[in-house]
Amino acid sequence: MKARYSIFSLARNALSSHENWPQAWRSPEPKKEYDVVIVGGGGHGLVTAYYLAKEHGITNVAVIEKGWLGGGNTGRNTTIVRSNYMWDESAALYEHSLKLWENMTKELNFNVMFSQRGVLNLAHTLNEVRITKRRIHANRLNGIDSEWVEPEQVKEWVPIIDLRGNGRYPVLGGSLQRRGGTARHDAVAWGYARAADALGVDIIQQCAVEGFDIEDGRVTGVRTSKGAIKAKKVGVVVAGHAGVLANMAGFKLPINSRPLQALVSEPVKPCVHCVVMAGAVHAYISQSDKGELVIGAGTDAYNSYAQWGSNPVTEDTLAAICELYPLFRRMRMMRQWGGVVDTCPDASPIISTTPVKGLYFNCGWGTGGFKATPGSGHIFADTVANDRPHPIAEPFSLERFKTGFLIDEHAAAGVAH
Amino acid sequence: MAQRYRLDKGGRIDRDRPVDFTFNGRAYQGYAGDTLGSALLANGVHLVGRSFKYHRPRGIFSAGAEEANALVQVGEGAATLADLKATQVELYEGLSARSVNCYPSLDFDIGEVNSLASKLFPAGFYYKTFMWPQAGWPMYERFIRKAAGLGEAPLEPDPDFYDKRYAHADVLVAGAGPAGLAAALAAARSGARVILADEQHELGGSLLSGRDEVDGKPGSDWAAEAERELRANENVRILPRSVVFGYYDHNWIDILENLSDHLANKPADAPRQRMWKVRANQVVLATGAIERPLVFRDNDRPGIMLASAARSYVNRWAVRPGESAVLFTNNDGAYAAALDMKAAGIKIAAAVDLRAEAEGELTQAARDAGIEVLAGHGIAATEGHKRVRRVKVAPLSADGRSLAGEARTLNCDLVAMSGGWNPTVHLHSQSRGKLRFDAELATFVPDRAVQAERSAGACNGTFGLADVLGEGFAAGEAAAEAAGFSVEKAPRPQAGNGKFLPARWLWLTPSSKPVGHGGKHFVDFQNDVTAADLQLALREGYTSVEHVKRYTTTGMGTDQGKTSNVNALGVVSEFRGVPIEELGVTTFRPPYTPVTFGAWGGRDVGDLFDPIRRTPMHSWHARAGAEFENVGMWKRPWYYPKAGEGMHEAVQRESKAARESLGILDATTLGRIDIQGPDSAEFLNRVYTNGWKTLKPGAIRYGLMLGEDGMVMDDGVTACLGENHYLMHTTSGGAAEVLAHLEEYLQTEWPELQVYLTTVTEQYATAAIAGPNARKLLAELTDDIDVDPDAFPFMSWREGTVAGVWARVMRISFSGDLSFEINVEAHNGLHLWQTLMNAGEKYNITPYGTETMHVLRAEKGFIIVGQETDGTVTPVDLGMEKLCSTKKDFIGKRSLSRPDMQDPNRKQFVGLLPDDPNEVLEEGAQLVETVKSQPPMDMVGHVTSSYMSPNLGRGFALALVKGGLHKHGQKVYAPMPGKTIACTVTSPVFFDPEGERLRA
Ligand SMILES: Cc1cc2nc3c(=O)[nH]c(=O)nc-3n(C[C@H](O)[C@H](O)[C@H](O)COP(=O)(O)OP(=O)(O)OC[C@H]3O[C@@H](n4cnc5c(N)ncnc54)[C@H](O)[C@@H]3O)c2cc1C
């Protein structure tokens, strides 16, 4: 049993100078064989393992991570969480996820600091107004909280914004999801790792999957930098490297991998109290509980596996921030980084069985999958356990690229953070 | 007394130019040449800030960019700057600065209670608490956010502006210390174009703080001579106050130059900062090294600073940073600080040396100078609250892990510490160059370079001055050669070559109690991360260095771990028993030091944020009182309100006039692509859904363009101008995207096609006249175009003279009425417009904007790409299947054969008539077939366009509805907040369904 975290356990451990805290998770050597191997120790992979153990009784599970857990996009994103997506299929998926977010801290006994401070999506052109309203109406009829806010209300939420946008990108209003917000990304990875480990899941870091063993069209194991590991089923959740792993398994994915960057300012006293997204100019901002302005940008224009973003994108993003928030021009960028995002042609994810039996892929979350972390893992675990798509996952199968049943979220969000 | 701690002589300050400034509201004086940090110390001010978590008093700890403690807010109001490092702020007359992160004052900070309860706040405590009740988190968070942040963002728009400049260099040298100056000299002598940048206002780097001689003269004199030679060379650009902060792919280097922050009177017409974007053939990194603090118990009190900083304050700024100093070192080099301090009249209470056998040139010199050297000793504790008062020193056991004897107390007000040196490998690492752990130096040094880059001097792990200079020259020469210049090797200057070694590497100095049981061994000063925190993280399984960093926040402050990262690795390595080289390092991310957002934006703000495009007739529209809409980059007239009119009234009037008599629209903004070449018709055949091979010169055809996915991406008419010559029109907002799409196919998929595309949007101005009187008006203004319907049928074009100027007139219509689009050369646009307006007066010619245009085309059931479509709509969905040729291939055709494209229940294009004719549906409203009392409800479609039509006398809308093509006559409902609007599905064509008016 794990030690429970609470103010009381903190106080108790203070007496022993914090020397008796147990490990949050073990670092075991891989076993020879598992019922399920999950490739990729990001948020989605860890949640999948957690639910396999918790809801499907499959505890002989390994999560295999080539670096350190949470070190992919999970630990690099701007942590915007919302569920006000336009299409029914997406709304169902992200709302399922948002509901899990709302109970995550308690479920994990790990404070993931899910902060429902509200997410504003600004509309800067008449066309954006139209699309935003369309999305809000769809959200409303899907029972998802989402409301239109007039420019004056935007100003109340974000007093420091310049609504005029120099006449070029005036703020014409926007959508607000009050239940949306941010969370502490690392805590999500760590919290699920700890919870999965407690249920018996082996988390194996510094171990890269280098190939699959496939017999008669069925996967039988993975080859890793720590040797071959047998597995009855394999779930692949490797974000930007999904295409690479699919190649190893002998099929192709309609995925482009590109760097997406983010940056933070030096910490200042809080002055942005909600999340503000401006798709027309590709600038997203929130302020962390440490005081740093957390700013998201657009993707680089070319495909790459480099975990850093190009210079011109930083320039464009910060120009947009300076334009919307002229008083931030004197703020300073403290750190900038990038992650490799896996984008599908329709900006929607893939949660699917594959041409190889027993091999499942969960990818294509692109620029916006952090918010889906708990929901994605939950339905993916169900998909893997039952060898058929969970009902929410059904529309997101690989099949859709053959049938043409795409779930195109581009219109609703330039970059779908 | 003013500047009580200023030495009588020496220093690189200008004693003739006193400078007045204030700190926390009190007036002080310093000299030109001071930093805020040196000026404060000259006045005996050591307590300058509070730490982030525990609000412990913090003093000036360094003399440069690595400062973790002395963060200040400079200036007030709109021009205020947050989180500056006092050690980097150049002093100027009138500067006002204050401490950050303390309340109510620096001296008495309530937040310090955190310090009392610090046992409850180990690393990551917040992950373990604030969880009950779960719903209480917003309250906890509000409380936490009160404590967040250091400085304050300005509350008013920035009064300054910023510049950017591109530059190219054969050799870029980052850092102008001895290595950098040598490299620049060597490269410049070869004739190479050299850029030399240094973050400080004076060139010379470490030579400015030391007492070393070069070629028999003071090092600073040698630096001044080098600078003179470089300045005399026109191929050299010297950038002082310029930090090289980013190293990107393909030797792209970013530099931030400070232009006016150091000036008392800041010029209003000059930029504050300039960002240089340099593409360098070769780069020499000569960024020096940063001294490492020692990790010992309570090592964070004001008065405890880096030994090199103490030395700099004495030598460079002529400041006594204390009266009585203790040197705490693990190496020989730091004794230079003790010697220089002693020479400046500071009492050296003792030199506490971790080395069991404290040997070395400088150690010996210190002994000779009468300094007591306590070999094999460590500082086991410190005392003093707002200033260090005394330290307890004790002998160490042989393995250095515990104390081995009685502690002795030394009174002091200054502890100068040195834990060795870390080469400043940030830029090398940013360039993706590899690092190697050097066991002798116990730190990381550059290994393999990935880009055209070389490191020289201390940043390369080279410390003896003669070696540093030699390496600098060699790097400059090699860089120039690699850039194609021939080099004559210069003789190397003479200099001493003392290294800071020998040293003893002990990551953690023991105290009387184990780490975590008493006192705090700080590793990251700004974020209050202690050795115990690091150990806790490891104990809890956060073993990867990235996990340690993220769990404890070590290295994540505004200094980005410049002094803490290697120490943290050392502590981790020791606790885990894993050699440092196996731990790896956390990634060095740009920027090296923080960079102003405004500089990133440069001039791309305000009017230049995104170019504004105006048509040649814009001034007329503005005078006529038009409201404008942003369409792509264009400003388009939206509607022309007359006195007393709102948008609704204006649009009703405009729409009616355009149907009943004559309207005029500025259609200049449509994208135009000139297409030429023998394969043009074939090309059009491939990019549009319909056939183009039969189009004759003089004729025009409408085309639908699909993406590869079969979805509509653009539409417009294309005119055949002659044999193998076409003019394609795109939507106003889609022009650039369409051109890129076409070029991509030409260049990557069909290189065999001989087709040439030229964007000609700007070459023409277009006025569209529409309405029953359009022909009459055109006839009046042209002699050489036969406007007779037979001679000039619908969907054709004629060339001639209109209003006395060359014109190409197209008989096409987006309003659904008889209409001519008159294209003239752009510079004749205003003339054409005015002539039409004058001549049209008798027909009540009425200018209309995009809103009326939308109403008119919607009445006719014409789509707008991006409004009726959203990237998910096929030609079939739009009822335009007949435009998709079955005889040829075109982009998107294959996708159209996918099963889902045949689904009869796809969303299809329809018209909607609200039951209540006065109702105007909201655009974006969702439609259902069955209304439920509450969500969720099954949606069958949404409203894409909706207007009040004066011509239909009612509200009407266009929509996409599941299976809509076969649902004409059925009811759908728009459940809105507060009411539900019932409508009937209809054909989308509400006006002149046979097209008689169009063809009239
Ligand atoms: C800069 C940035 C900002 C973003 N902002 C947001 C936002 O605000 N809101 C939002 O919802 N989403 C955002 N996202 C997207 C979001 O981060 C991702 O969609 C999500 O975190 C993906 O989680 P994951 O677990 O699938 O992937 P990851 O966290 O990337 O995990 C995949 C893991 O697979 C591992 N792996 C790869 N190959 C192998 C192999 N061969 N063997 C073993 N392991 C392997 C990787 O090391 C990695 O740890 C952002 C992304 C970025 C980069």
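Residues numbered from 1 in each chain as written. Chains lettered and ligands numbered in written order. Predicted model: local features only at pLDDT ≥ 70, side-chain atom pairs only at ≥ 80, totals over all residues. Heavy atoms only, no water.

Looking at an unreviewed UniProt entry, one finds chain B named Sarcosine oxidase subunit alpha family protein, with Ferruginivarius sediminum as its source organism. Quoted verbatim from the Sequence similarities (unreviewed entry) heading of the UniProt record, the comment on chain B is "Belongs to the GcvT family." (UniProt positions renumbered as here; feature names shortened; annotations may be inferred.)

Going by the annotation in an unreviewed UniProt entry, the name recorded for chain A is Sarcosine oxidase subunit beta, with Ferruginivarius sediminum given as the source organism. UniProt, in the comment section headed Sequence similarities (unreviewed entry), describes chain A in these words: "Belongs to the SoxB family."

1. Points about the sheet that holds strand β19 (residues 347-353) of chain B
Residues and elements named next belong to chain B. The strand order across the open sheet built from five strands is β17-β24-β18-β19-β20, with neighbouring strands paired in parallel fashion. Of all the strands in the sheet, just β17 (304-306) and β20 (373-375) have a single pairing partner and so form its edges. The sheet shows a mean angle of 20° between the axes of neighbouring strands, taken without regard to direction. Here strand β18 (residues 324-329) runs beside strand β24 (residues 414-418); their pairing, made up of five bridges, is parallel. Within β24, the position partnered with F328 by the bridge is M417. This element, helix α7 (residues 307-315), spans β17, β18 and β24 of the sheet and lies at about 85° to β17. On the sheet, helix α8 (residues 335-343) packs against β18, β19, β20 and β24 and is oriented at approximately 170° with respect to β19. (Pairing = 2+ DSSP bridges. Helix = DSSP H or I, 4+ residues; strand = E, 2+ residues; numbered from the N terminus. Axes fitted to C-alpha atoms, helices over the stretch in contact; angles between N-to-C directions. Contact = heavy atoms within 4.5 Å.)

2. Focus: the domain arrangement of chain A
Residue and element names in this part refer to chain A. Taken domain by domain, chain A holds domain 1 (25-79 + 185-254 + 346-413) and domain 2 (115-180 + 256-343). Computed from C-alpha coordinates alone, the two centres of domain 1 and domain 2 are separated by 29 Å. Opposite the 15 residues of domain 1 that make contact, domain 2 presents 19 residues. When the two sides are added together, the surface that domain 1 and domain 2 hide from each other amounts to roughly 1,400 Å², 55% of it contributed by carbon and sulfur. At the surface where domain 1 touches domain 2, the tally comes to zero salt bridges. At the junction of domain 1 and domain 2, the tally comes to eight residue pairs in polar contact (both at pLDDT 80 or more). (Domains from an automatic or database assignment. Buried area = accessible area lost by both parts, 1.4 Å probe. Salt bridge = Lys/Arg side-chain N within 4 Å of Asp/Glu carboxyl O. Polar contact = N/O pair within 3.5 Å; in protein donor to acceptor, adjacent residues only side chain to side chain.)

3. As for the packing of aromatic side chains
Each aromatic ring pair is summarised here by two numbers: the centre-to-centre distance and the angle between the ring planes. Evaluated as defined, the whole model comprises 43 aromatic pairs over all chains. With a centroid separation of 4.7 Å and an interplanar angle of 40°, the aromatic rings of B:F61 and B:F525 are classed as tilted. Highlighted residues: B:F61 in the loop between β4 (57-59) and β5 (71-74) and B:F525 in the loop between β29 (522-524) and β30 (529-530), separated in sequence by 464 residues. When its relative accessible area of 1% is taken as the criterion, B:F61 is described as buried. Ring plane angle 40° and centroid distance 6.0 Å describe the contact between B:Y947 and B:F956, whose orientation is recorded as tilted. Both residues of the pair, B:Y947 and B:F956, count as buried. Just above the ring of B:F52 sits the side chain of A:K290; from NZ or CZ to the centre is 5.2 Å. (Phe/Tyr/Trp six-rings, centres within 6.5 Å; stacked < 30°, edge-to-face > 60°. Buried < 20%, exposed > 50% of the residue type's maximum accessible area, 1.4 Å probe, protein only. Lys NZ or Arg CZ within 6 Å of the ring centre and 35° of its normal.)

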